[in-house]
Amino acid sequence: MNILGIETSCDETSVALLTDGIIVASRTYTQEVHTLYGGVVPEVASRAHLDKIEPLCKQVLAEAGISLSDINLVAVTDSPGLAGALLVGVGFALGLHVGWGIPITGINHLEGHLYSAFLEYPELSYPFLSLAVSGGHTAIYKVNAYGSYQCLGKTVDDAAGEAFDKIGKMLGFAYPAGRAIEEAAQSADSDPAIVFPIAKMKSGSLNFSFSGLKTAVRYYLNGKDPVFIKEHRGALCKAFQHAVLSALVNNCKTAMQETGITTMTLVGGVACNGALRKALSAACPGKVYYPSPRLCTDNAAMIARAGYECFLNNKQRLPKMDPNADI
Ligand code: KG4
Ligand code: ZN
């Protein structure tokens, strides 16, 4: 069973070929051009996807040593994401479907992140909890089976990765700033004078809020000398990261207590963060599965893996282009 995965929902153009759920070839092009603007520019992203999608597809097929006629299913991200960016991947996939008669299915990007864990941990069994943390989403899901996901809590404003990127910008890091903040925090001592708040949500809620934290950092930096900020950048990163990670881990702990489920996955770009991996593992009485970093950030292998599950459950559907869809 050969599945071609295609992912173009944001600023990664990615194509992968999976055989029976196992990665045979995978290529991801990260559009670094957005660093110039401090964030993703949708029109620039769409044009870069257009340039890259076909060559990447050819490279993946060559590396896998198969031709289009060997492909049994094309799985393409059709929601959520940037409309113009999604359109490039969906248009390309539909071209393969119509021109070559290859069966197709649309895949929800978040579902792709949830299934990224199965690429390296096929032994993962239902039910499990998943903390999905990326630049666009932050939520805890109870995953009961393919297609049965219960959102236990999600961000009411910024996503965790978005908070990393925005605070990074304030501190002079290039976009995306998550990794740079983690590295700066790692090599710094904490400063007891720099403490940022963890948002308190309504009692019983497992939602998150990161916009207050962003404002707190902004107020803290207001009027501070640039030399002072430079000297304290590591401690600022440490305090900020601590506040984000505490919110994430605290809610996961509650979710585990409330559901009695102690198998967790940690997925999405922010799941690359080593301090988060360590803190969540320490808080989990069971086991936390986290994919390798290249499978945490956006990639087509996870889309193809969700496509495989979709095929096994006979739930293929035509791509629907829904930029604002939830899971
Ligand atoms: O999953 P992803 O590639 O794209 C979305 O679907 O949003 O996630 C990208 C996000 C960015 O916000 C980036 O700053 C963050 O993941 N990120 C990190 C780390 N590596 C990437 N955040 C914290 N620590 C990291 N090491
Ligand atoms: Zn993503």
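Residues numbered from 1 in each chain as written. Chains lettered and ligands numbered in written order. Predicted model: local features only at pLDDT ≥ 70, side-chain atom pairs only at ≥ 80, totals over all residues. Heavy atoms only, no water.

A. Inspection of the overall build of the protein chain at higher detail. Across its full length, the protein chain holds 11 helices and 10 strands. Summarising its shape, the C-alpha atoms of the protein chain cover approximately 65 × 45 × 30 Å along the three principal directions. Here the protein chain holds 327 residues, and 51% of them are scored as buried. Contacts in the protein chain between residues far apart in sequence, at least 24 positions, make up 73% of those at least 6 positions apart. For the protein chain, the computed accessible surface area is about 14,100 Å², with 52% contributed by carbon and sulfur atoms. (Helix = DSSP H or I, 4+ residues; strand = E, 2+ residues; numbered from the N terminus. Buried < 20%, exposed > 50% of the residue type's maximum accessible area, 1.4 Å probe, protein only. Contact = heavy atoms within 4.5 Å. Areas by Shrake-Rupley, 256 points an atom, 1.4 Å probe, with all protein chains shown as cover.)

B. Quick look at the sheet that holds strand E7 (residues 138-145). The sheet built from 5 strands is open, its strands ordered E8-E7-E6-E9-E10 with mixed pairing. Taken across any chain shown, the strands that pair with only one partner, and hence form the sheet edges, are strand E8 (148-154) and strand E10 (287-289). On average, each strand axis in the sheet is inclined to that of its neighbour by 25°, with strand direction left out of account. The pairing of strand E6 (residues 128-133) with strand E9 (residues 263-267) spans 4 bridges and is parallel. (Pairing = 2+ DSSP bridges. Axes fitted to C-alpha atoms, helices over the stretch in contact; angles between N-to-C directions.)

C. Quick look at the sheet that holds strand E5 (residues 104-108). Taking strand neighbours across the sheet as the criterion, the 5 strands line up as E3-E2-E1-E4-E5 in an open arrangement whose pairing is mixed. What marks the edges here is a single partner per strand, and that holds for strand E3 (22-30) and E5. The average angle at which neighbouring strand axes cross in this sheet is 20°, direction not considered. With respect to the sheet, helix H1 (residues 42-64) is in contact with strand E1 (2-7), strand E2 (12-19) and E3, its orientation differing from that of E2 by roughly 25°. Here helix H2 (residues 83-100) sits on the sheet and contacts E1, strand E4 (73-79) and E5; the angle it forms with E4, its principal contact strand, is near 155°.

D. Representation of the site of ligand 1. What surrounds ligand 1 is a group of 21 residues, the closest being Gly135, Asp165, Glu182, Gly269 and Asp298. In the model, an oxygen atom of ligand 1 is placed 3.1 Å from a nitrogen or oxygen of the Gly178 main chain. Out of a free accessible area of 560 Å², ligand 1 has 89% covered by protein chains. Of all the secondary-structure elements, those providing two or more residues to the shell around ligand 1 are helix H3 (109-120), helix H4 (160-170) and helix H5 (178-186). Residues of the shell around ligand 1, tallied by class, amount to 6 nonpolar, 11 polar and 4 charged. (Near = heavy atom within 4 Å. Polar contact = N/O pair within 3.5 Å; in protein donor to acceptor, adjacent residues only side chain to side chain. Nonpolar A, V, L, I, M, F, W, Y, C, P; charged D, E, K, R; others polar.)

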